[in-house]
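Inside the fold
The primary structure of each chain is shown beneath.
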Amino acid sequence: MFEPDVYIKRREQLIKSMSGGLVLLVGNSESPMNYLDNTYPFRQDSTFLYYTGISRPDLFLIIDIESHHTALVGHELTIDDIIWSGSQPDLVNLGELCGADQVLSSSELTTELEKARSQKRTIHYLSPYRAETKNRLEKLLGLSVEQHSKDNSFELASAVITQRSVKEPREVNEIEMALGITQLMILAGMKSVQPGKYEREIAGLVEGIAISGGGRLAYPCILTKHGEVLHNHQYHRRLDQGDLVVQDSGASSIHGYASDITRTYPVNGIFSSCQATIYLAVLRSLEGALSTIRPESSFKESHLAAARIITDHLQQIGIMQGDIDESVAVGAHALFFPHGLGHMMGLDVHDMENLGEDFVGYNDQVHRSQQFGLKSLRFGRAPSQGYVLTVEPGCYFITPLIDQWKNEKRHESFIRYDMLSRWENFGGIRIEENILVTSDGCKILGPPIPKNIPDVENACRG
């Protein structure tokens, strides 16, 4: 946890942006894997963590907008809890650690909420994303599932998004610490890769490094020779000569802040000429996109800039043709680049996505497209100074998608389907950095991780 003052100031800032009522923040519960006592590693709700710093299950926070009063709510550990999980700070100590004015028992929470409802005060809560949270809201507020899905507070969500979007220096420092661990994870993958190994051997090594760094993986590791499968979490394949590995992995810091880095590297330590050609297309698109990112400049335009660079390179090798701007405008490039350029990052690897992706990534000036590929851009609006984003262009050869578009003759004036047979089993390449938006541009966060071809090949050769 940070110092109590940090959480007090964050809550005061939230109070100033609200019109009135009570804010009810619901912490997460333990989540069973396959029976009640065998749980997934606990992860606190990120908004609860942001305003309290407390990573313990079954807690609530009440913030009274009018009185500026904060109450931490929960139950004291029983002797059974202590036997199985060890001694932990009691509620009073937890309240002091987060700067709460008082602590309440779970039964007192019901009384407080009933009092607020009888006074016709607004109770603000965020849209729940876990079944157990939905059940708790149903019991506490007498809401049906349909009601708490539509009656959650847009005012609260907007205030939280505005506040959490701009990262404090201490938050950027946490992200950089997470990136320091992620550097070790990526280098371990590059140094250990060789023909005959299985994906699972490297994936296990990577996850161990994340845990040894004091946190855990920020999200399930993607480590695969089938990089054309964008979220490939299977690790059963043997790595062979000529394969490429896409490693998309990030650690979380001790305080829960995420990192998210992708590198693509050759199993035998040397890119083939075809692999190097596509790799350079992606690398140049990354560099080009980074050069366009600055406050008040639409991130959607940065995405399109990356798409134009990839299209240009694919034209140079005879896969695409025609006017580049027209080709990108109609979305022909999305056959090879079907996802967005990046997303917000912070306490969540896709920061605040549970509050509504369109609320976080779009606004009245920039609306989400319905075009294939572009509609998958999670963040399209102009960032502000202090935002942390991922930038992750890619180029993929997805056989079922190619076959579908070819049969439909989709964008055939821009795509040379007759030239794609030699690329059928190529796979995919993605390169990703995490950036902080500065006053006049952006800064790549974390220590350097090999991404130029000679540096990647040297790392793979140990």
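Whatever comes next refers back to the structure up there.
Since we're looking at a predicted model, the values are computed, not measured.

What counts and what doesn't
Residues numbered from 1 in each chain as written. Predicted model: local features only at pLDDT ≥ 70, side-chain atom pairs only at ≥ 80, totals over all residues. Heavy atoms only, no water. Pairing = 2+ DSSP bridges. Helix = DSSP H or I, 4+ residues; strand = E, 2+ residues; numbered from the N terminus. Axes fitted to C-alpha atoms, helices over the stretch in contact; angles between N-to-C directions. Buried < 20%, exposed > 50% of the residue type's maximum accessible area, 1.4 Å probe, protein only. Contact = heavy atoms within 4.5 Å. Salt bridge = Lys/Arg side-chain N within 4 Å of Asp/Glu carboxyl O. Core = buried A, V, L, I, M, F, W, Y, C linked by side-chain atoms within 4.5 Å. Arc of directions from axis to C-beta. Phe/Tyr/Trp six-rings, centres within 6.5 Å; stacked < 30°, edge-to-face > 60°. Patch = residues over 30% accessible without salt bridge, like charges linked within 9 Å, V, L, I, M, F, W, Y side chains within 5 Å. Areas by Shrake-Rupley, 256 points an atom, 1.4 Å probe, with all protein chains shown as cover. Parallel < 35°, antiparallel > 145°, perpendicular 65-115°, else oblique. Nonpolar A, V, L, I, M, F, W, Y, C, P; charged D, E, K, R; others polar.

All right, on to the sheet that holds strand β9 (residues 244–249) then. Judged by pairing direction, the sheet is antiparallel, and its 3 strands sit side by side in the order β8-β9-β10 without closing on themselves. With one partner strand each, in any of the chains shown, β8 (222–224) and β10 (261–266) form the two edges of the open sheet. Pairs of neighbouring strands in the sheet enclose a mean axial angle of 10°, with direction left out of account. The pairing of β8 with β9 spans 3 bridges and is antiparallel.

Before going further, it helps to examine the environment of Glu30. Here Glu30 is to be found in the loop between β1 (22–26) and β2 (32–35). The class of Glu30 is partly exposed, set by a relative accessible area of 36%. With 17 residues separating them in the primary sequence, Glu30 and Thr47 have C-alpha atoms 17 Å apart. Setting aside residues up to four positions removed in sequence, Glu30 forms contacts with Thr39, Tyr40, Phe42, Pro57 and Glu132.

Turning to the sheet that holds strand β14 (residues 433–437), a few remarks are in order. Strands in a sheet are paired, the pairing made by backbone hydrogen bonds, and the direction either parallel or antiparallel. Spatially, the 3 strands line up as an open sheet ordered β11-β14-β15, and their pairing is antiparallel. One side of each edge strand has no neighbouring strand; the edge strands of this open sheet are β11 (388–391) and β15 (442–444). Going across the sheet, the axis of each strand differs from the next one's by a mean of 35°, ignoring polarity. Strand direction decides the pairing type here: β14 and β15, joined by 3 bridges, are antiparallel. From the neighbouring strand, Leu436 faces β15, where its bridge partner is Lys443.

Before going further, it helps to examine the pattern of salt bridges. On inspection of all chains with the given rule, the structure shows 24 salt bridges. Arg284 is the partner of Glu287 in a salt bridge, and the nearest nitrogen-oxygen pair spans 3.0 Å. Pair noted here: Glu287 and Arg284 are both in helix α11 (residues 273–292), with a separation of 3 residues, about one helical turn. Residue Glu287 is classed as partly exposed on the basis of its relative accessible area, which comes to 33%. Across the salt bridge formed by Glu433 and Lys451, the nearest N and O atoms sit 2.7 Å from each other. With a gap of 18 residues between them, Glu433 in strand β14 and Lys451 in the loop between β15 and α16 (453–460) connect regions that are remote in the sequence. Neither residue differs from the other here; Glu433 and Lys451 are each classed as buried.

By size, the foremost hydrophobic cluster in this structure holds 121 residues, and its most contacted members are Tyr265, Leu335, Phe336, Val391, Phe397, Ile415 and Leu420. For this core, the element with the most residues is helix α9 (residues 169–192), which contributes 9 residues. With residues near it in sequence (within four places) discarded, Leu420 still touches Ile319, Leu335, Phe336, Phe397, Ile402 and Ile415. Counting residues in hydrophobic clusters, the runner-up holds 17 residues, among them Val73, Ala116, Leu140 and Leu143.

The next subject is helix α6 (residues 131–141). By the burial criterion, the buried members of α6 are Thr133, Arg136, Leu137, Leu140 and Leu141. Relative to the axis of α6, the buried residues are bounded by an arc of 100° and lie together on one face. The outward face of α6, more than 90 degrees from its buried face, is lined by the exposed residues Ala131 and Lys139. Following α6 by one or two positions, Gly142 adopts a phi angle in the positive range, close to 65°.

Right, let's talk about the packing of aromatic side chains for a bit. Counted under the stated rule, the structure contains 11 aromatic pairs. An angle of 75° between the planes, with centres 6.2 Å apart, marks the rings of Phe379 and Tyr387 as edge-to-face. On the basis of relative accessibility, which here comes to 1%, the residue Phe379 falls in the buried class. Residue Tyr387 is classed as buried on the basis of its relative accessible area, which comes to 7%. An aromatic cluster is defined as three or more aromatic residues linked by ring pairs; in this entry it consists of Phe336, Phe397, Trp423 and Phe426.

Together, Ile79, Ile82, Ile83 and Trp84 make up an exposed nonpolar region whose accessible area comes to about 510 Å². Residue classification places Ile82 among the partly exposed positions, given a relative accessible area of 31%.

Looking at the element boundaries, Tyr279 is found in helix α11. Distance in space between the C-alpha atoms of Tyr279 and Cys395 is 8.3 Å, their sequence separation being 116 residues. When sequence neighbours within four positions are dropped, the list of residues in contact with Tyr279 reads Thr264, Phe271, Ile429, Ile431, Lys451, Ile453 and Val456.

Attention now moves to the packing of α9 against α16. The angle between the axes and the distance between the axes are what describe a pair of packed helices. With their axes 6 Å apart at the nearest point, α9 and α16 run at an angle of 70° to one another. The angle between the axes of α9 and α16 places the two elements in the roughly perpendicular class. Residue-level contacts link Leu187, Met190 and Lys191 of α9 to Val456, Ala459 and Cys460 of α16. The residue makeup of the contact of α9 with α16, split by class, is 5 nonpolar, no polar and 1 charged.

With 5 of 6 residues buried, strand β5 (residues 69–74) is to be regarded as a mostly interior element. In terms of strand pairing, strand β4 (residues 60–64) meets β5 through 5 bridges, oriented antiparallel. The residue of β5 that forms the bridge with Ile62 is Ala71. Counting the residues that bridge the hairpin from β4 to β5 gives 4 residues, and of these His68 lies at a positive phi of roughly 60°. Bridge analysis of β5 against strand β6 (residues 102–105) gives 4 bridges, and the strand direction is parallel. Residue pairing in the sheet places Val73 in a bridge with Leu104 of β6.

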